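Tertiary structure, described
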Amino acid sequence: MNILVTGGAGYIGSIVVEELIRRGYSVVVLDNLYTGHRAAVHPQATFVYGDLADRQTVRAVFETYPIDAVMHFASYTLVAESMELPFKYLGENVTNGLNLLQEAVAHGVRRFILSSTANLFDRPRRIPIDEEEDIVPGSPYGESKNLLERILSWLDRIYGFRYAALRYFNAAGASPTGERGEDHDPETHLIPLVLQVALGQRDAVTIYGDDYPTRDGTCIRDYIHVTDLAQAHILALEALDQGSRTYNLGNGQGFTVKEVIETCREVTGHPIPAVVGPRRPGDPAVLVASSERIRRELGWKPQYPDLWTIVEHAWNWHRTHPHGYGD
C-alpha cells in the first residue's frame, strides 16, 4: 500500500513514516520544510518538496504516485500563535486541508488519517476525557481541526470517504532507534524545554503557576510516547475498511509539571533549576485522555506508558542531537 504523508518531515510525521516503512508500506512524504527537516525524512521514503497551498503541486503528487491512503500532519500547530494570528489558522489550516481532500477525492483515494488535537476540549466536564465529551475548541488552532473533522464527516456521507480523526494529547519522547526526535524552533513543549536546561542551553525552566487544584499545585498533562502514537495511526489505517472512526489518544494517566521536571533530573543526572512564573491564560488544571475506545476496538496498547522511558528516549535524542537536525 502506498501512503502519502503530509508533514512527514516533522516530529510526529517523521516517526510515523519510520514505523510505516518498518511495517512494509511504501511512503511518499510531502512537506514544505516550514517547520520540518529534510534530514528527518526516512531514506526509503520518496520526498516531494511542496506546499499544500499550491493546488497544482498537490494534484501532481496524486497524478505521479499511486496513492492508496493519506496521513495528514502538515499544519500550523502553535496554540498561542493562533490566538494572535487567527486567520492564519482558521484560513490556511482549513484551506490547505481542503486542497488535499479535493485532490484525494478526485483521484479515487478513500482512506484518510487526520492528525487532530486535544485542544478540542477546552472545558471538559469529565476527566479522563473520552470521545463523547463536548467539543469546545480552546483556540483557532483547535477550531481548525474541528472544522476538518466536520468536513471529513460530510465526505464520508457523500463519497464513502473513510477517515480516522486521532486527537492527540501530549506527544513526547523520540524514536527508540534514536534516529528521530523533537526539533522545534521555537520550542514550546515541556520535556524538550526541561532537557535544554540539562544541555546547558537554558538557565532554568519556568513553571507557569503552582497554585492549581492538583496534587502539587502544577498542571497535570497526559504524555503519550510518539512511537505509541505512530502505532495507533497504523492500526487506525488498517481498520478503515470497517468504517470511519474517531479516537482520543493518551496514556490515560497524568503527570504534573513538577513530576516531569523531577523525572528529567533523575534521567539526566542534572539538577535542572526551575522557577515559578504566573499562570498562562487558558491553561486547564488537568487534561487526561481516556483511550478506552481505541484499546477496545483496535487492541491498541502503549508500549512505553511510563514517564521515565518517555523522558529517557527524548534525552537520548537531545543528547546526541544537541542542535537538532542541524539544518
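Residues numbered from 1 in each chain as written. Predicted model: local features only at pLDDT ≥ 70, side-chain atom pairs only at ≥ 80, totals over all residues. Heavy atoms only, no water.

Applying the stated criterion to the full structure yields five aromatic pairs. Arranged with centres 5.4 Å apart and planes meeting at 90°, the rings of Tyr 34 and Tyr 76 form a pair that is edge-to-face. A residue pair is termed long-range when its members are at least 10 positions apart, and Tyr 34 in the loop between β2 (26–31) and β3 (46–49) and Tyr 76 in the loop between β4 (69–72) and α3 (79–84) qualify at 42 residues. For Tyr 34, a relative accessible area of 52% corresponds to the exposed category. Ring geometry for Phe 112 against Phe 161: centres 5.8 Å apart, planes inclined by 45°, an arrangement best described as tilted. (Phe/Tyr/Trp six-rings, centres within 6.5 Å; stacked < 30°, edge-to-face > 60°. Helix = DSSP H or I, 4+ residues; strand = E, 2+ residues; numbered from the N terminus. Buried < 20%, exposed > 50% of the residue type's maximum accessible area, 1.4 Å probe, protein only.)

What follows deals with the environment of Glu 18. Looking at the element boundaries, Glu 18 is found in helix α1 (residues 11–22). Given the relative accessible area of 7%, Glu 18 is considered buried. Residues within four places of Glu 18 in sequence aside, it is in contact with His 42, Ser 175, Thr 177, Glu 179 and Arg 180. (Contact = heavy atoms within 4.5 Å.)

To continue, consider α1. Helix length check: α1 (12 residues) gives 17 Å between terminal C-alpha atoms against 16 Å at 1.5 Å per residue, within 8%. Where burial is concerned, most of α1 is hidden: 11 out of the 12 residues are buried. Buried within α1 we find Tyr 11, Ile 12, Gly 13, Ser 14, Ile 15, Val 16, Val 17, Glu 18, Glu 19, Leu 20 and Ile 21. Tucked into the core, α1 has its buried residues touching β1 (2–6), β2, β4, β6 (162–168), β7 (170–172) and α7 (226–238). Directly after α1, the chain includes Gly 24, whose backbone phi takes a positive value near 95°. (Expected span 1.5 Å × (residues − 1).)

This paragraph deals with the pattern of salt bridges. Tallied over the full model, the rule gives 20 salt bridges. One salt bridge connects Lys 88 with Glu 81, and the closest N-O pair in it is separated by 3.3 Å. The class for Lys 88 is buried, based on a relative accessible area of 15%. The exposure class assigned to Glu 81 is partly exposed, which follows from its relative accessible area of 21%. Residue Glu 297 is joined to Arg 245 by a salt bridge in which the shortest nitrogen-to-oxygen separation is 3.7 Å. Separated by 52 residues along the polypeptide, Glu 297 in helix α9 (residues 292–298) and Arg 245 in strand β11 (residues 245–249) bring together distant segments of the chain. Judged by its relative accessible area of 44%, Glu 297 is partly exposed. (Salt bridge = Lys/Arg side-chain N within 4 Å of Asp/Glu carboxyl O.)

Let us now look at a nonpolar patch on the surface. Judged by side-chain polarity, Trp 154, Ile 158 and Tyr 159 come together as a nonpolar surface patch covering roughly 340 Å² of accessible area. Tracing the sequence through the fold places Trp 154 in helix α5 (residues 140–159). Judged by relative accessible area, which is 42%, Trp 154 ranks as partly exposed. (Patch = residues over 30% accessible without salt bridge, like charges linked within 9 Å, V, L, I, M, F, W, Y side chains within 5 Å. Areas by Shrake-Rupley, 256 points an atom, 1.4 Å probe, with all protein chains shown as cover.)

Taken in spatial order, the seven strands of this open sheet run β3-β2-β1-β4-β5-β6-β11, and their pairing is parallel. The open sheet has two free edges, formed respectively by β3 and β11, since each of these has just one partner strand. If you compare each strand with its neighbour and ignore which way they point, the axes differ by 20° on average. With seven bridges joining them, strand β5 (residues 111–117) and β6 adopt parallel strand pairing. Following the sheet pairing, Thr 117 is matched in β6 by Tyr 168. Taken strand by strand, α7 contacts β1, β4, β5, β6 and β11, and its axis lies near 160° from that of β6. (Pairing = 2+ DSSP bridges. Axes fitted to C-alpha atoms, helices over the stretch in contact; angles between N-to-C directions.)

Glancing now at the layout of surface pockets. When its volume is computed, the second largest pocket comes out at roughly 220 Å³. In terms of lining residues, the second largest pocket is bounded by 13 residues, among which Asp 183, His 184, Gln 196, Gln 201 and Pro 322 are the most central. Grouping the amino acids of the lining of the second largest pocket by side-chain chemistry returns two nonpolar, seven polar and four charged. (1 Å grid on protein atoms, 1.4 Å probe; cavity = no way out; pocket = protein on both sides within 12 Å on 5 of 7 lines; lining within 4 Å. Points joined across faces, edges and corners; volume = space filled by probe spheres on them. Nonpolar A, V, L, I, M, F, W, Y, C, P; charged D, E, K, R; others polar.)

So, about the sheet that holds strand β14 (residues 286–287). Spatially, β12-β9-β14 is the arrangement adopted by the three strands of the open sheet, whose pairing is mixed. Every other strand in the sheet has two partners, leaving β12 (255–256) and β14 as the edge strands with one partner each.

On to the packing of helix α6 (residues 190–198) against helix α8 (residues 257–268). Packing of α6 against α8 brings their axes to within 10 Å, and their N-to-C directions diverge by 40°. In terms of their interaxial angle, α6 and α8 are classed as oblique. Relative to α8, α6 is oriented so that their crossing is right-handed. From α6, Leu 190, Ile 191, Val 194, Leu 195 and Ala 198 reach across to α8, where they touch Val 257, Val 260, Ile 261, Cys 264 and Thr 268. (Parallel < 35°, antiparallel > 145°, perpendicular 65-115°, else oblique. Left-handed = near helix turned anticlockwise from the far one by under 90°.)

Buried residues dominate β11, accounting for five of its five residues. Side chains Arg 245, Tyr 247 and Leu 249 project from β11 onto one buried face, and the interleaved Thr 246 and Asn 248 project onto a second face that is buried too. The sheet contact formed by β6 and β11 spans five bridges and is parallel. Each residue of the ladder has a partner; that of Tyr 168, found in β11, is Leu 249.

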